[in-house]
Amino acid sequence: MTRFGIIGTGSRGLNAFGRNLRERFSDQSEITALCDSDPTRLGFAAKTLGVETTYQSVSALIADSKVDVVVITTPDFTHANIALEAIDADKHVICEKPLATSIEDCNRVLAAGRGSDRLFMVGFVLRYTPFFAALHESVSRGEIGQPSFLTAIDNRVGGSYFRRWHRLRRNSGGLLVHKSCHALDAINWIFDQRPTAVAATGGIAVYSPKDWAGQRCLTCDAKHTCPEYTDITQGDNADLYYKAEATSGYIADTCVFNSEKDTVDHAAAYVEYDGGPRSSYSLCLFASYTGREFGVWGTDGKLEGTETGHSLRLTRAVGETVETRPVERLEGGHGGGDVGLLEDCFSALASDRDPSAGLEAGYWAAVLGIAAEESVARGGERVTLAELGAEG
């Protein structure tokens with residue numbers, strides 16, 4: 001029986017890890033401890049998951065001898081220090097993406113993790129979805145020859161990122177780190193190459209200040225006409241955030257149309273790789289639907305599809321018949337990726353192997369996202385990961 005301790009009992013900690021472990025993996029695991037800085041949110045999660053041992057101190061949970069695996073689902077800027085403390089305590093670690101929000105911290109975690117024989121996973125759930133797994137497998141089998149160029153379009157209904165803590169780079173590293181590292185990891189994985197340089201531009205097109213904007217949805221005069229209105233007094237949000245405001249001070253429905261933000265709501269990045277391939281990545285956080293579109297060109301053909309379309313289109317060469325392949329549809333968070341990541345965790349622990357979404361994957365996706373944010377800040381200047389301090 002593998003014993004888990006979850007640090008951070010917001011939506012991700014409660015649902016993707018807590019509820020999945022309790023409902024899907026109860027024969028293999030036990031949640032023995034929870035930790036959160038806010039007592040209201042912590043109490044709700046403990047009651048929901050049936051966990052008796054709770055802490056408001058990160059160090060106390062990590063020191064708990066009844067915890068084998070430390071799950072980190074706290075805000076991004078805290079990931080590095082918690083991960084380092086857990087590694088030092090000889091614990092297995094599952095760290096939500098991104099690995100860290102600075103290249104210096106990424107380097108620290110990478111060095112510590114390489115010096116440990118414990119499991120280290122990063123929350124790259126796309127690797128465990130049927131669409132991306134099929135895309136990766138087809139490219140790896142050489143069905144389109146040597147992959148040379150990839151385009152990725154990341155469509156997001158993303159207003160929620162601008163009403164919560166993610167919109168400030170000091171918390172998240174910027175949305176090219178917090179959100180885009182999912183897609184950037186998928187690109188790295190498909191190419192099986194390390195990124196070396198990036199040039200990116202971006203800005204705010206939609207979530208800019210508006211004269212009519214209030215401070216928060218709950219008290220806004222425009223709640224009946226605003227396209228981004230949300231009611232946090234309902235469902236889990238009521239217990240995790242609204243009822244916890246008095247003890248946490250955190251407001252989860254801050255207006256998306258005010259000026260307190262310093263990350264992009266759209267961006268485009270051109271990425272170079274060590275072995276020669278290149279990729280073009282576009283992010284739109286005000287799209288009318290959520291779904292990623294990927295196309296991979298190789299020396300002998302092209303693979304393309306959308307993760308919501310549940311199929312891959314293969315064109316081997318000019319004039320040859322186009323083949324469309326169905327892709328399995330799975331239920332659950334992130335198209336089955338949340339459960340798939342935990343399945344890989346248990347499999348890796350049982351066989352003493354590295355997981356697919358391991359430390360190295362976490363490192364390269366994070367430093368690439370950080371470099372992309374830096375390029376945006378420099379007006380689109382091409383930057384190399386090495387010049388920014390990447391040591392991987």
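Check the entry above for the structure.
About the criteria used
Just so you know, the residues in each chain are numbered from 1, in the order the chain's sequence is written. Whole-chain, interface and lining totals are the exception, using all residues; otherwise, since this is a predicted model, local features are given only for residues with pLDDT of at least 70 and side-chain atom pairs are given and counted only at 80 or more. The side-chain quantities take in all heavy atoms of the structure and omit both hydrogens and water. Each helix is a run of H or I in the DSSP string that is no shorter than four residues. Each strand is a run of E no shorter than two, and both are numbered from the N terminus. Each residue's exposure class comes from its accessible area (1.4 Å probe, protein chains only) as a fraction of the maximum for that residue type: buried when under 20%, exposed when over 50%, partly exposed otherwise. We call two residues contacting when some pair of their heavy atoms lies within 4.5 Å. Polar contact is the term for a pair of N or O atoms within 3.5 Å; when the atoms are in protein, one must be able to donate a hydrogen and the other to accept it, and sequence-neighboring residues count only if both atoms are side-chain atoms. How far a helix is expected to stretch is found by multiplying one less than its residue total by 1.5 Å. Angles shown run from 0 to 180 degrees and are taken between the N-to-C directions of axes, each axis being a line fitted to C-alpha atoms and, for helices, limited to the stretch in contact. When an angle is under 35 degrees it counts as roughly parallel; over 145 it counts as roughly antiparallel; between 65 and 115 it counts as roughly perpendicular; any other value is oblique. In the scheme used here, Gly and all other residues not listed as nonpolar or charged are polar, with Ala, Val, Leu, Ile, Met, Phe, Trp, Tyr, Cys and Pro taken as nonpolar and Asp, Glu, Lys and Arg as charged. A carboxyl oxygen of Asp or Glu within 4 Å of a side-chain nitrogen of Lys or Arg is what we treat as a salt bridge.

Account for the overall build of the protein chain, with residues named and values stated.
If you tally the helices and strands in the protein chain, you get 13 helices and 15 strands. Each principal axis of the C-alpha atoms in the protein chain carries an extent, and together these give about 65 × 55 × 40 Å. Evaluated residue by residue, the protein chain yields a buried proportion of 55% over its 392 residues. The long-range fraction of contacts in the protein chain, counting pairs at least 24 apart against all pairs at least 6 apart in sequence, stands at 74%.

Tell me what's going on with the side chain of arginine 216, and back it up with residues and numbers.
The residue arginine 216 is located in the loop between strand S8 (195-203) and helix H10 (235-242) in this model. A polar atom in the side chain of arginine 216 sits 2.9 Å from the side chain of aspartate 253.

Can you explain helix H13 (residues 359-377)? Please cite residues and give values.
The end-to-end C-alpha separation of H13 is 27 Å, in line with the 27 Å expected for 19 residues at 1.5 Å each. Where burial is concerned, most of H13 is hidden: 16 out of the 19 residues are buried. Of the residues one or two after H13, glycine 379 is the one with positive phi, at around 75°.

So what's going on with the packing of helix H1 (residues 11-24) against H10? Which residues, and what values?
It is the contact of H1 with H10, at a shortest axis distance of 10 Å, that shows an interaxial angle of 125°. Taken together, H1 and H10 sit at an angle that is classed as oblique. Between H1, through Ser11, Leu14, Asn15 and Arg19, and H10, the contact on the second element is made entirely by Asp236, Leu240 and Tyr241. Split by residue class, the contact of H1 with H10 holds 3 nonpolar, 2 polar and 2 charged.

Requested: an account of the pattern of salt bridges, with residues and values cited.
Taken as a whole and judged by the stated rule, the model has 32 salt bridges. Notably, a salt bridge pairs arginine 316 with glutamate 143, separated by 3.4 Å at the nearest N-O pair. Of this pair, arginine 316 sits in the loop between strand S13 (311-315) and strand S14 (323-326) while glutamate 143 sits in the loop between helix H6 (130-140) and strand S7 (147-157), and the two are 173 residues apart along the sequence. Judged by relative accessible area, which is 13%, glutamate 143 ranks as buried.

Describe the side chain of arginine 292, and please don't skip the residues or the numbers.
Mapped onto the fold, arginine 292 is located in strand S11 (residues 286-298). A polar atom in the side chain of arginine 292 sits 3.5 Å from the side chain of aspartate 154.

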